[in-house]
Every structure is written in structure tokens, then in C-alpha cells.
Amino acid sequence: MESFKSNPHSIACDAATIYSKLTNPSLIKQQIELNADKIDDQARQHLDAVKFGEDSISIQSPMGEVTLALDHEGSVPGEKVVYTALQSPVPINMVINLESQPDETTMSTAELQLQLPFFMRKMVEGQLQEGANRFGELLSRIPFDRL
């Protein structure tokens, strides 16, 4: 399985709170809708590629829109949130790794895991890495402590 990781980002919130919010993506959707006028242009561009449902996240990808459903068994409270693709031509997982820091902040990385045929990997790896980076950046901009 191929893995595309974002750069680590610091989030000013504890890992347990972030985990509880990420396992309930409808809270993020509500917050985005309530604060749409306060979101800067750069963040808005990232949000255009992501939609949040009750227990799923949909992302625009090189393969079209991919819907990822929360994987309760693969997720680890306070450490890792796992979403698995529904009806995808290739197996896809989105993993959000959370690492608690001593100062009540959390380091996070977004990771896309895909099982790609070799010929397809070369065509889409740049776009997938960019997608992982954008999602990692988006996570760092969410005010988890205010959701």
C-alpha cells in the first residue's frame, strides 16, 4: 500500500478533543457554515475540495470524489482517526495521526494510504501528495477547541 503523508502541523488543542471532533465530522461542517465569512481565501480554496457528512468526509481527488467513512475499529482514541473509502476502484484509507505535546498542543499529520497499480502510481502520485498536504493544512486551521 502506498502512503502519502502531509507535513506535521501543530494544533492548539489537546489530542483527545481533536479526536472527539474528528470522529464526528458533522461538527466541523456546522462550524464551517457558521464562520464562512471569517474564513480566509487560502483556507476557502482547501475547503472547496472537502465536504463533511454525519460520519463521512468526501474529498475531490484525481479519481473524482471519494467518500471516506469513519473506521471505528481502526481508530485509536486520542492517537489516530481512520477513514476508509466507500465504493472506490482502489482501497483507500485516510489516517489522521495525533501526537500529544507537553504544552497541551497536538502535532498532526494527514496520511493517504492507497493500493495503486504501478502504472497508475506515477500518473497520480504528485496530486495525491498535494491532496495529503492540503488536508493536513486544513486540519491545522480548524479551531477544534471551539467546535
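Data block above holds the structure.
Here the residue numbers are simple positions, counted from 1 along each chain's written sequence. Owing to the predicted nature of the model, reporting of local features is limited to residues with pLDDT of at least 70; listing and counting of side-chain atom pairs is limited to 80 or more, with chain, interface and lining totals taken over all residues. Processing note: side-chain calculations cover all non-hydrogen atoms of the structure and skip hydrogens and water entirely.

K.L.:
What is the right way to read helix α1 (residues 15-22) from this model?
P.N.:
Within an α-helix, residues lying three or four positions from one another point in the same direction, as the helix has 3.6 residues per turn. Those residues of α1 that sit buried are Ala15, Ile18, Tyr19, Lys21 and Leu22. Within α1, the buried residues cover an arc of 165 degrees as seen down the axis, which keeps them to one side. Here, two residues are considered to be in contact whenever any of their heavy atoms come within 4.5 Å of each other. What counts as a helix is a DSSP run of H or I of at least four residues, what counts as a strand is a run of E of at least two, and both are numbered from the N terminus. In this fold, the buried residues of α1 make contact with β2 (9-11), α2 (25-34), β6 (80-86), β7 (92-100), β8 (106-114) and α4 (118-141). Backbone nitrogen of alanine 16 and a side-chain oxygen of the N-cap are separated by 3.3 Å at the start of α1; the cap is aspartate 14. Note on classification: 1.4 Å probe, protein chains only; a residue is buried when its accessible area is under 20% of the maximum for its type, exposed when over 50%, partly exposed between these limits. Comment: arc refers to directions from the helix axis out to C-beta atoms. Counted as a polar contact is a pair of N or O atoms within 3.5 Å, where, for protein atoms, one must be capable of donating a hydrogen and the other of accepting one, and residues adjacent in sequence contribute only when both atoms are in side chains.

K.L.:
Hey, could you run me through the pattern of salt bridges in this one?
P.N.:
Opposite charge on two side chains makes pairing possible when the charged atoms of those side chains draw close. Salt bridges, as used here, are contacts in which a Lys or Arg side-chain nitrogen is within 4 Å of a carboxyl oxygen on Asp or Glu. Considering all chains together, one arrives at six salt bridges under this definition. The salt bridge involving lysine 122 is made with glutamate 125; its shortest N-O contact spans 3.9 Å. On the criterion of helical spacing, the pair formed by lysine 122 and glutamate 125 is a turn pair, its members being three residues apart in helix α4. Residue arginine 141 is joined to glutamate 137 by a salt bridge in which the shortest nitrogen-to-oxygen separation is 3.0 Å. Here glutamate 137 and arginine 141 lie together in helix α4, a separation of four residues that amounts to about one turn. Judged by its relative accessible area of 22%, glutamate 137 is partly exposed.

K.L.:
Just to check I follow, could you spell out the environment of proline 8 for this structure?
P.N.:
Among the structural elements, proline 8 can be located in the loop between β1 (2-5) and β2. Note: C-alpha distance between proline 8 and asparagine 97 (89 residues apart in sequence) is 9.3 Å. For proline 8, the residues in contact, after removing those within four places along its chain, are Met107, Ser108 and Thr109.

K.L.:
Would you mind showing me how to read the nonpolar core here?
P.N.:
Taken as a class, soluble globular proteins show a tendency for nonpolar side chains to be buried jointly. The nonpolar core is taken to be a set of buried Ala, Val, Leu, Ile, Met, Phe, Trp, Tyr and Cys residues, with the residues joined through side-chain atoms within 4.5 Å. Within the largest apolar cluster, 38 residues are counted, with the highest numbers of intra-cluster contacts made by Met94, Phe135 and Phe144. Filtering out sequence-adjacent residues up to four positions away, phenylalanine 144 remains in contact with Ile11, Cys13, Thr17, Ile18, Lys21, Leu22, Ile28 and Leu139.

K.L.:
Just checking my understanding: could you explain the environment of aspartate 55 for this structure?
P.N.:
Note on placement: aspartate 55 falls in the loop between β3 (50-52) and β4 (56-61). A relative accessible area of 46% means that aspartate 55 is categorised as partly exposed. Along the chain, aspartate 55 and leucine 68 lie 13 residues apart, while their C-alpha atoms are 8.6 Å from each other. Excluding anything up to four places from it in sequence, aspartate 55 contacts Pro25, Leu68, Ala69, Leu70 and Tyr83.

K.L.:
Explanation requested: the environment of serine 10 in the structure shown.
P.N.:
Inspection of the secondary structure puts serine 10 in strand β2. Taking the C-alpha atoms as reference points, serine 10 and leucine 22, separated by 12 residues in sequence, lie 16 Å from one another. Ignoring sequence-local partners within four residues, the contact set of serine 10 consists of Thr105, Thr106, Met107 and Ser140.

K.L.:
Can you help me understand unusual backbone geometry in this one?
P.N.:
The general pattern is negative phi for most residues beyond glycine and trans for most peptide bonds. Phi is positive for glutamine 87, close to 50 degrees, though the residue is something other than glycine. By relative accessible area, glutamine 87 is classed as exposed at 84%. Of note in this structure, glutamate 104 is not a glycine but carries a positive phi near 65 degrees. Looking at where glutamate 104 falls in the secondary structure, it is placed in the loop between β7 and β8.

K.L.:
I would appreciate a short explanation of the side chain of serine 108 in the present structure.
P.N.:
Structurally, serine 108 is set in strand β8. The exposure class assigned to serine 108 is buried, which follows from its relative accessible area of 1%. Setting aside its immediate chain neighbours within four residues, serine 108 contacts Asn7, Pro8, His9, Ile11, Asn97 and Leu98.

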